[in-house]
Amino acid sequence: MSAAALLDGCAAELARPAADTQRPVLRERGQREVFCGLTGIIWLHRKMQDAFFLVVGSRTCAHLLQSAAGVMIFAEPRFATAIMEERDLAGMVDAQDELDRVVNRLLERRPDIKTLFLVGSCPSEVIKLDLAKAAQRLGAVHMPRVRILNYSGSGIETTFTQGEDACLAALVPVMPALPADAPAELLIVGSLPDIVEDQFLRLFADLGIAKVGCLPARNARDLPAVGPNTRYLLAQPFLGDTAMALEGRGAKRIEALFPFGVEGTSDWLRAAAAAFNVDPALTEQVLAPGRERARIALTKLRPQLEGKRITFLPDSQLEVPLARYLQDELGMELVEVGTPYLHRAHLARELESFGPNVRLSEGQHVERQLDRVRADRPDITVCGLGLANPLEGEGLTTKWAIELVFSPIHGFDQAADLAELFARPLRRRDMLEI
Ligand code: SF4
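Residues numbered from 1 in each chain as written. Predicted model: local features only at pLDDT ≥ 70, side-chain atom pairs only at ≥ 80, totals over all residues.

A.B. asks: Go over the overall build of the protein with me, naming the residues and quoting the values.
C.D. replies: Secondary structure assignment for the protein yields 18 helices and 15 strands. For 434 residues, the compact-globule estimate of 2.2 N^0.38 gives 22 Å, and the protein sits close to it at 22 Å. Here the protein, with 434 residues, has 46% of them falling under the buried criterion. Expressed as a percentage of contacts within the protein between residues at least 6 apart in sequence, the contacts between residues at least 24 apart total 73%. (Helix = DSSP H or I, 4+ residues; strand = E, 2+ residues; numbered from the N terminus. Rg over C-alpha atoms; globule rule 2.2 N^0.38 Å. Buried ≥ 20, exposed ≤ 12 C-beta atoms within 10 Å, placed from the backbone. Contact = placed C-beta atoms within 7 Å.)

As structure tokens, this is what we get:
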């Protein structure tokens, strides 16, 4: 029996109300069509400039990374795959010894590496290669020059953004401790393009919030401190494990909408300002120019999106906050919002604005979901790369979900770019129809 068929057997939990909201959630358990967590390395290696990601995997894993990240032959890449050969998989050699050899050779050749992530894959997990043990053993040899950590990027997890969650969660235990008597500090959690992070840091400085850290930091060795006086703000909705690890170290989450669009960004900044007792009048003064710029930019795009029906197939875990933004600020009609995993606590505020007719689904069963898309025929479907072409072939307009992860979409100054990502395929469709 195939893995997909085994999973099909479990696909029976339908329309059970979410524990906290009573909103019915269609729970799907079946075949998945998503990238694995290794994909996160593509944006994480650009963000953490002194880190190296060594995937312990197969040739398939190497091909995925090389084709997605486009390695240049003469560049010194900051990721690689230690390829497990058949004799490793068959247990004919000690894979831990082989890994030690690869890591020692790599660190000898690359003195610029300050943090090394050993990244698990499906093959390494199938043979139960203990990368935590390897990271500990190799760390003892190479510290303090290099810190060695591990996490899983395997496709056995729910979807590709879990790779970032696992990576950041691995960093939390090595963050320095914020002393109990230190003044409160703000921590932004989630990888953002530098340009967006800088915009937010300027706004927090204007609000008078003195100490703001970012996880991940641009240099993985410059990790911000964490402790009971840390108030953290999630920038991404897929960081459940990281949030749990931070709370394990005493940090407290600031509840807010995610910073997409004018209202999401305003709510996110206002929530942080309130947590740091910033005068509400000053908060509004700081937010006003960005809100106005974004509002004007969105006015031009709203007529192209208003009234258009949209379905999200489960893919990036960005679906719920993006759907809220498209509905509330651009007047789109939500048909189905599917997400691989619905973090009820982190998404509770986002879900409040969904109307009663929005179909919310969690988990994946690709055949059933495609059947619903065919029956609904939304104006646009946000889905994975593998599903986009077949749907386009059936005359449906699509948007690649992964593009939303690779594009700067957070904050006031990106609100219109985010809307444009949805407006463009609709314009293209209209032009083709003429
Ligand atoms: S980790 Fe698994 S799903 Fe990802 S490329 Fe490797 S084998 Fe494929």
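The structure having been displayed, the exposition proceeds.
A.B. asks: Which residues make up the site of the ligand, and what values do they have?
C.D. replies: By nearness alone, every residue bordering the ligand is listed as C36, L38, G57, S58, T60, C61, L64, S121, C122, S154 and G155. When residues in the shell around the ligand are grouped by element, the largest group, three residues, is from helix 3 (residues 59-69). Residues of the shell around the ligand, tallied by class, amount to five nonpolar, six polar and no charged. (Near = placed C-beta within 6 Å. Nonpolar A, V, L, I, M, F, W, Y, C, P; charged D, E, K, R; others polar.)

A.B. asks: Please give an account of unusual backbone geometry that cites residues and values.
C.D. replies: In this model, M143 is joined to P144 through a cis peptide bond whose omega is 5 degrees. Tracing the chain through its elements places P144 in the loop between helix 7 (131-142) and strand 6 (147-152). Put simply, L215 and P216 share a cis peptide bond, and its omega is 5 degrees. Here P216 shows up in the loop between strand 8 (212-215) and strand 9 (230-234).

A.B. asks: How would you sum up the sheet that holds strand 4 (residues 79-83)? Please name residues and give values.
C.D. replies: Neighbouring strands of a sheet are bound in pairs by backbone hydrogen bonds; such pairs are parallel or else antiparallel. Reading across the sheet, the four strands line up as 4-3-5-6 and stay open at both edges, with parallel pairing between neighbours. At either margin of the open sheet sits one strand with a lone partner, and together these are strand 4 and strand 6. For this sheet the average axis-to-axis angle between neighbouring strands, irrespective of direction, equals 25 degrees. Pairing geometry for strand 3 (residues 51-57) and strand 4, over five bridges, is parallel. Following the sheet pairing, V56 is matched in strand 4 by A82. Its contacts with the sheet put helix 3 on strand 3 and strand 4, and the angle it makes with strand 4 is roughly 165 degrees. In this fold helix 7 packs onto strand 3, strand 5 (115-120) and strand 6, with an angle of close to 170 degrees to the strand it touches most, strand 6. (Pairing = 2+ DSSP bridges. Axes fitted to C-alpha atoms, helices over the stretch in contact; angles between N-to-C directions.)

A.B. asks: Before we move on, can you summarise the domain arrangement of the protein with the specific residues and values?
C.D. replies: Under the domain assignment, the protein is made up of domain 1 (37-157), domain 2 (185-285) and domain 3 (295-433). Between domain 1 and domain 3, the C-alpha centre-to-centre distance is 34 Å. (Domains from an automatic or database assignment.)

A.B. asks: Could you give me a rundown of the pairing of strand 13 (residues 359-364), with the residues and numbers involved?
C.D. replies: Regular strands have side chains that alternate between both faces of the sheet. Summarising burial for strand 13: five of the six residues are buried, a large majority. The pairing of strand 2 (residues 24-29) with strand 13 spans five bridges and is classified as parallel. Within strand 13, the residue paired with R29 across the bridge is Q364. In this region the chain leaves strand 12 (residues 333-339), passes through helix 14 (residues 344-351) and returns to the parallel neighbour strand 13; the handedness of that crossover is right-handed. (Right-handed = clockwise from strand over helix to strand, strands pointing away.)

A.B. asks: How would you summarise the sheet that holds strand 8 if you had to cite specific residues and measurements?
C.D. replies: Taking strand neighbours across the sheet as the criterion, the four strands line up as 8-7-9-10 in an open arrangement whose pairing is parallel. The open sheet has two edge strands, strand 8 and strand 10 (252-253), and neither has a second partner.

A.B. asks: Any chance you could break down helix 15 (residues 366-376) for me, citing the residues and the numbers?
C.D. replies: Those residues of helix 15 not exposed but buried are V366, Q369 and V373. Projection of helix 15 onto a plane perpendicular to its axis shows the buried side chains occupying an angular sector of 65 degrees, all on one side. Away from its buried face, by an angle of more than 90 degrees, helix 15 presents the exposed residues E367, D371, R374 and A375. Here the buried face of helix 15 lies against strand 2, strand 11 (309-312), strand 12, strand 13, strand 14 (380-383) and helix 16 (385-393). The positive-phi residue at the C-terminal boundary of helix 15 is R377, with phi of around 45 degrees. (Arc of directions from axis to C-beta.)

A.B. asks: Talk me through the environment of V146; I want residue IDs and the actual numbers.
C.D. replies: As for its placement among the helices and strands, V146 is situated in the loop between helix 7 and strand 6. Not counting residues within four places of it along the chain, the set of residues in contact with V146 comprises L107, I113, K114, T115 and L116.

A.B. asks: Describe the packing of helix 5 (residues 95-109) against helix 7, and please don't skip the residues or the numbers.
C.D. replies: Running from N to C, helix 5 and helix 7 cross one another at 40 degrees; their axes reach a closest spacing of 11 Å. Relative to helix 7, helix 5 is oriented oblique. Handedness of the crossing formed by helix 5 with helix 7: right-handed. Residue-level inspection shows Q96, L99, D100, V103 and L107 of helix 5 in contact with helix 7, the latter providing A134, L138 and H142. When the residues that make up the contact of helix 5 with helix 7 are grouped by side-chain class, the tally is five nonpolar, two polar and one charged. (Parallel < 35°, antiparallel > 145°, perpendicular 65-115°, else oblique. Left-handed = near helix turned anticlockwise from the far one by under 90°.)

A.B. asks: Describe the packing of helix 11 (residues 261-275) against helix 12 (residues 280-305), and please don't skip the residues or the numbers.
C.D. replies: Close contact between helix 11 and helix 12 brings their axes to 10 Å; oriented N to C, the two are set at 170 degrees. As summarised for this structure, helix 11 and helix 12 are arranged roughly antiparallel, according to the angle between their axes. Taken together, the residues of helix 12 that come into contact with helix 11 (itself represented by V262, S266, L269, R270 and A273) are T283, L287, R291, A294, R295 and L298.

A.B. asks: Would you mind going over the pairing of strand 6 in detail, with residue names and values included?
C.D. replies: Of all six residues in strand 6, six are buried; the element is thus mostly enclosed. Pairing geometry for strand 5 and strand 6, over six bridges, is parallel. Bridge assignment links G120 to a residue of strand 6, and that residue is S152.

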